[in-house]
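# Topology and contacts: notes
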Amino acid sequence: MNNNIIKTVSFIILSFFTTLCFIGNVKAETTDADYNKLRSIFSEERISIMSDAEKAIYTENDVTVTEKLYKITQTINNTYIYEELDPDMAEEIAQNSQVSTLDANYQTTYKKISLIDVEMNNNYHQLTVYTRWLIVPVTQSFDVTALRVDDATIIDGTQYGTQVYRKDGTLGYVEYSPNGTNIRKEDDGFGISMNLVNNATYYETDITANVQATTKWASAYGTYQHAVTDVSLDESQSYTISHNGFGDVLNFATGVQNKYDGMNGVSISLSYS
């Protein structure tokens, strides 16, 4: 039996694999201090879909954020030129360019990727790999966000993901469950394949899991790999979690790796006592 939900304001329909949601512009009451803390981490769009419980995790605990801003240029020879930019440039880029550059020679994309560490008790951490597109990508297929840990254990069943998008002026989101078809798990990490909603004008994605650090050398690595051509769900899941892979996380099969942009990732050390 299908056990995920497609929601609108007026009705609920059962669906499969993921949860699709459409929301209005209603924001729950949040203090200025809490909202400012949330806004220093997430976009207004992502905050607007958070439950009170999710907000409390970030406002009531210590949070460490490591972020990177990447410019990726695809050449006519299907090679890639990477440039790491100052993350503070993100808003300016987003305001000045809404569509990826595309001509006979190249396309250019910008992505801001963050690894968010919420410190809990007893060496537990909630880790989130959060990626925001600053311009709309030309290709909209199965992108993969993944997390890998060293000297730490991922708590199975806590993995989930979200894709936020805006289409036809309406903000919506897709939820990905810990046991859905789109997730692939290994002992030291997991990835979620997210099919970008076609013809949207805004995208951001995140995956989250609870992790327990097991030594003082505990660390985490996050990556977002963008499909530069159409791929199937099966192709997007043709990888192993490995330090030898893209972003030190995703090692795609030989026949698939050239279908992704190979962008660098982000990493963080996890506190342990």
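Residues numbered from 1 in each chain as written. Predicted model: local features only at pLDDT ≥ 70, side-chain atom pairs only at ≥ 80, totals over all residues. Heavy atoms only, no water.

## Some points on the overall build of the chain
Secondary structure summary: the chain contains six helices and 19 strands in total. In the chain, which comprises 273 residues, the share counted as buried stands at 51%. Accessible area of the chain: about 12,900 Å², with a carbon and sulfur share of 46%. (Helix = DSSP H or I, 4+ residues; strand = E, 2+ residues; numbered from the N terminus. Buried < 20%, exposed > 50% of the residue type's maximum accessible area, 1.4 Å probe, protein only. Areas by Shrake-Rupley, 256 points an atom, 1.4 Å probe, with all protein chains shown as cover.)

## Describing the packing of aromatic side chains
Going through the model one piece at a time under the given rule, you end up with six aromatic pairs. With centroids separated by 4.9 Å and ring planes inclined at 75°, the aromatic side chains of F42 and Y58 adopt a geometry described as edge-to-face. Residue F42 is found in the loop between α1 (32-39) and α2 (44-48), and its partner Y58 is found in helix α3 (residues 52-59); the two are separated by 16 residues along the sequence. Of the two residues, F42 and Y58, neither departs from the other in class, the shared state being buried. Counting every residue linked through ring pairs, the aromatic cluster contains Y239, F246, F252 and Y260. (Phe/Tyr/Trp six-rings, centres within 6.5 Å; stacked < 30°, edge-to-face > 60°.)

## Digging into the environment of G169
Of note, G169 is situated in the loop between β11 (160-167) and β12 (170-176). A C-alpha to C-alpha distance of 9.9 Å links G169 and Y202, two positions 33 residues apart in sequence.

## Observations regarding the environment of I192
Relative to the elements of secondary structure, I192 occurs in strand β14 (residues 189-195). A relative accessible area of 0% means that I192 is categorised as buried.

## Things to note about the pattern of salt bridges
Under the counting rule described, the total for this entry stands at eleven salt bridges. A salt bridge links E67 to K112, with the nearest nitrogen and oxygen atoms 3.6 Å apart. You can see E67 sitting in strand β4 (residues 62-74) and its partner K112 sitting in strand β7 (residues 107-119), a full 45 residues away along the chain. Relative accessible area serves as the criterion here: at 27%, E67 is assigned to the partly exposed category. In this structure K112 comes out as buried when scored by relative accessible area, which is 19%. One salt bridge in this structure joins R148 and D150, with 3.0 Å as the shortest N-O distance. The class of R148 is buried, set by a relative accessible area of 5%. Given the relative accessible area of 28%, D150 is considered partly exposed. (Salt bridge = Lys/Arg side-chain N within 4 Å of Asp/Glu carboxyl O.)

## Some points on the packing of α1 against α3
Viewed as axis vectors pointing N to C, α1 and α3 meet at an angle of 80°, and their least axial separation amounts to 10 Å. When the axes of α1 and α3 are compared, the pair comes out roughly perpendicular. Touching D34, K37 and L38 of α1 are K55, Y58 and T59, all from α3. Across the contact of α1 with α3, the residue classes tally to two nonpolar, one polar and three charged. (Axes fitted to C-alpha atoms, helices over the stretch in contact; angles between N-to-C directions. Parallel < 35°, antiparallel > 145°, perpendicular 65-115°, else oblique. Contact = heavy atoms within 4.5 Å. Nonpolar A, V, L, I, M, F, W, Y, C, P; charged D, E, K, R; others polar.)

## Structural notes on the nonpolar core
One finds L147, F190, A220 and L270 to be the most contacted residues of the largest nonpolar core, which totals 34 residues. Every residue in contact with L270, bar those within four places of it in the chain, is listed here: D117, H125, L127, A152, V211, A213, A218, S219 and A220. (Core = buried A, V, L, I, M, F, W, Y, C linked by side-chain atoms within 4.5 Å.)

## Focus: the side chain of T139
Summarising the element assignment, T139 is placed in the loop between β8 (124-133) and β9 (142-150). Here the side chain of T139 touches V228 through a polar contact of 3.2 Å, landing on its backbone oxygen. (Polar contact = N/O pair within 3.5 Å; in protein donor to acceptor, adjacent residues only side chain to side chain.)

## Notes on the pairing of strand β13 (residues 183-186)
Sheet analysis places β13 next to β14, joined by four bridges and oriented antiparallel. From the neighbouring strand, E186 faces β14, where its bridge partner is G189. Connecting the antiparallel pair β13 and β14 is a turn made up of two residues. (Pairing = 2+ DSSP bridges.)

## So, the sheet that holds β9
Strand order in the open sheet made by the five strands is β13-β14-β9-β16-β19, with antiparallel pairing throughout. Here the strands that pair on one side only, and so sit at the sheet edges, are β13 and β19 (266-269). Ignoring which end each strand starts from, the neighbouring axes of this sheet average 10° apart.

## Describing unusual backbone geometry
One non-glycine residue, N123, lies in the positive phi region at around 65°. Mapped onto the fold, N123 is located in the loop between β7 and β8. Residue N123 is classed as buried on the basis of its relative accessible area of 16%. Notably, N199 is not glycine yet its phi reads approximately 65°, a positive angle. Structurally, N199 is set in the loop between β14 and β15 (202-213).

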